[in-house]
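Residues per chain are reported as follows:
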Amino acid sequence: MSLDASLYIHIPFCSSKCDYCDFYSITEKNDRYIDSFLKALILDIKNQIKYFDIKNILTVYIGGGTPSVLGKKISFIFDELKTINNFSPEEFTVEANPESVNEEFLETCFKGGVTRISLGIQTFHEPSRTAVNRGNVKMRFYSHFQDSLSIDLITGLPFQDIKTIKNDIKKVLEYNPSHISLYSLSLEKGTPLEEKQKKGTVLLPEGDLADSLWLLARDILKNEGFEHYEISNFAKPGKQCIHNNRYWQIQNWIGAGPSASGTIVNNDNCTARRFTHLPDVNGYIKSPYLTADNCEELDSNTFLRECLFMGFRCKDGPDPNMFKKRFNISVEDCIPRTLENWKGKDKMLFLNSFMTDVFSELDRTNLTLHQSF
């Protein structure tokens with residue numbers, strides 16, 4: 001049966017590696033190496049479309065890494081995607097970093113069908129950027145994407161305080177973004193930032209201060225007319241990220257590129273298949289095809305828990321109609337006690353505590369799914 005799906009493309013190249021980042025990427029290689037990767041990437045995409053019988057690509061998101069380091073070479077991806085039958089995505093996003101964006105790149109994206117740019121600012125505060133090995137911010141006028149510019153910010157970085165957070169948001173709003181992702185710094189194991197923090201060469205804002213900085217930024221954004229629609233995401237009316245909403249509701253998507261993952265849902269028996277490419281560019285170039293070793297099966301109970309966890313990342317929770325159709329039970333009948341206990345409370349802000357209660361109730365009731373097939 002033909003499926004509708006989203007497409008995620010992982011570009012594994014960066015000009016340099018930020019100290020806090022644990023996403024898979026390598027420092028930029030030569031043109032020949034990048035060309036080999038791009039050819040493998042297209043083979044992967046077209047193979048998955050055929051293998052999973054994808055009829056329509058609804059949204060596209062090119063992330064990384066740093067897609068903008070490709071420069072004009074990104075047009076190879078655009079040109080190849082246009083050869084796919086029925087290729088007309090509702091939303092087409094490309095991530096970019098300010099230091100590797102120029103007008104030529106933006107023009108290439110616009111002509112290639114991109115409808116949305118997601119720009120990784122993180123912070124304008126130079127001491128904070130230097131402390132985590134983040135490049136300089138070189139902002140420019142994003143003429144082609146005035147109504148569809150998304151900007152990423154991070155709170156909890158070294159040397160941040162109330163003044164720098166307010167200044168960051170003030171500067172960001174000068175570019176009139178329609179969407180802002182606001183992340184609280186997470187100290188990931190094995191990253192250079194963790195090592196610096198252990199050695200005391202970098203000091204991070206302590207827990208309460210870090211939390212207060214994020215909450216301050218959240219309140220400013222809400223006062224500026226941005227809806228807090230997902231844990232870390234804020235949007236002007238009608239400007240939510242369609243692609244990411246599909247992730248949070250666990251709708252079909254395929255993932256191409258090293259470390260990329262995808263999920264294909266089987267609504268007939270409320271299960272799903274999850275597949276993940278290995279984080280290895282060299283291996284990917286040699287063989288970009290998915291194998292059985294890359295796949296895992298999510299049984300109905302595992303899938304239900306994941307739908308709840310991902311869905312409650314969003315302000316409105318799991319899509320009620322989709323959930324009922326998949327599992328033949330409503331969210332309210334699934335976890336009635338937890339929902340009653342949390343009535344009127346902010347589930348997004350305290351998601352871990354809320355989900356602990358959700359999973360405890362599921363364990364106590366030993367929910368058995370009554371499938372409708």
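Further up the page is the structure itself.
First things first, this report covers the structure right here in the doc. The model shown is predicted, which means the values in this text are computed figures rather than measured ones. (Residues numbered from 1 in each chain as written. Predicted model: local features only at pLDDT ≥ 70, side-chain atom pairs only at ≥ 80, totals over all residues. Heavy atoms only, no water.)

### Notes on the pattern of salt bridges
Stated formally: Here, a salt bridge means any side-chain nitrogen of Lys or Arg that lies within 4 Å of a carboxyl oxygen of Asp or Glu. Each helix is a run of H or I in the DSSP string that is no shorter than four residues. Each strand is a run of E no shorter than two, and both are numbered from the N terminus. In this scheme, a residue with accessible area under 20% of its type's maximum is buried, one over 50% is exposed, and one in between is partly exposed, where area comes from a 1.4 Å probe on protein chains only.
The final tally for this structure, using the stated rule, is 13 salt bridges. Between Lys111 and Glu107 there is a salt bridge, and its shortest N-O distance comes to 3.7 Å. Of this pair, Lys111 and Glu107 both sit in helix 3 (residues 103-111), four residues apart, which is roughly one turn of that helix. Relative accessible area serves as the criterion here: at 59%, Lys111 is assigned to the exposed category.

### A few points about the layout of surface pockets
Our working definition: Detection works on a 1 Å grid of protein atoms alone, calling trapped sets that fit a 1.4 Å probe cavities and calling open sets with protein on both sides within 12 Å along at least five of seven lines pockets, with lining residues defined by an atom within 4 Å of a point. Grid points are joined across faces, edges and corners, and a volume is the space filled by probe spheres set on the points. The residue classification treats Ala, Val, Leu, Ile, Met, Phe, Trp, Tyr, Cys and Pro as nonpolar and Asp, Glu, Lys and Arg as charged. All others, Gly included, are polar.
The calculated volume of the second largest pocket comes to roughly 450 Å³. The wall of the second largest pocket is formed by 18 residues, among which Leu3, Asn252, Val265, Asn266 and Asn267 lie closest to the centre. Broken down by secondary-structure element, the contributors of at least two residues to the lining of the second largest pocket are strand 1 (3-11), strand 12 (261-266) and helix 11 (320-327). The residue inventory of the lining of the second largest pocket, partitioned by class, reads eight nonpolar, four polar and six charged.

### What to know about the packing of aromatic side chains
Our working definition: Only rings of Phe, Tyr and Trp enter the pairing, Trp through its six-membered ring, and a pair is recorded when the two centres are within 6.5 Å. The plane angle decides the type: under 30 degrees is stacked, over 60 is edge-to-face, the rest tilted. Charge-over-ring placement is defined geometrically: NZ (Lys) or CZ (Arg) within 6 Å of the ring centre, and within 35 degrees of the ring normal.
Inspection of every chain in the model, using the stated rule, returns 16 aromatic pairs. Their ring planes at 20 degrees and their centres at 5.1 Å tell us that Phe52 and Phe275 sit as a pair that is stacked. With Phe52 in the loop between helix 1 (31-51) and strand 4 (54-64) and Phe275 in strand 13 (residues 271-276), the pair connects residues that are 223 residues apart, well separated along the chain. According to the relative accessible area criterion, Phe275 is buried, its value standing at 0%. With a centroid separation of 4.8 Å and 70 degrees between ring planes, the pair formed by Tyr247 and Trp253 is classed as edge-to-face. No difference in accessibility class separates Tyr247 from Trp253, as the two residues are buried. Taken together, the ring pairs connect Phe13, Tyr33, Phe37 and Tyr284 into an aromatic cluster. Above the face of the Phe226 ring, Lys236 is positioned so that its terminal group lies 4.7 Å from the ring centre.

No statement about biological role is implied by the geometric values presented.
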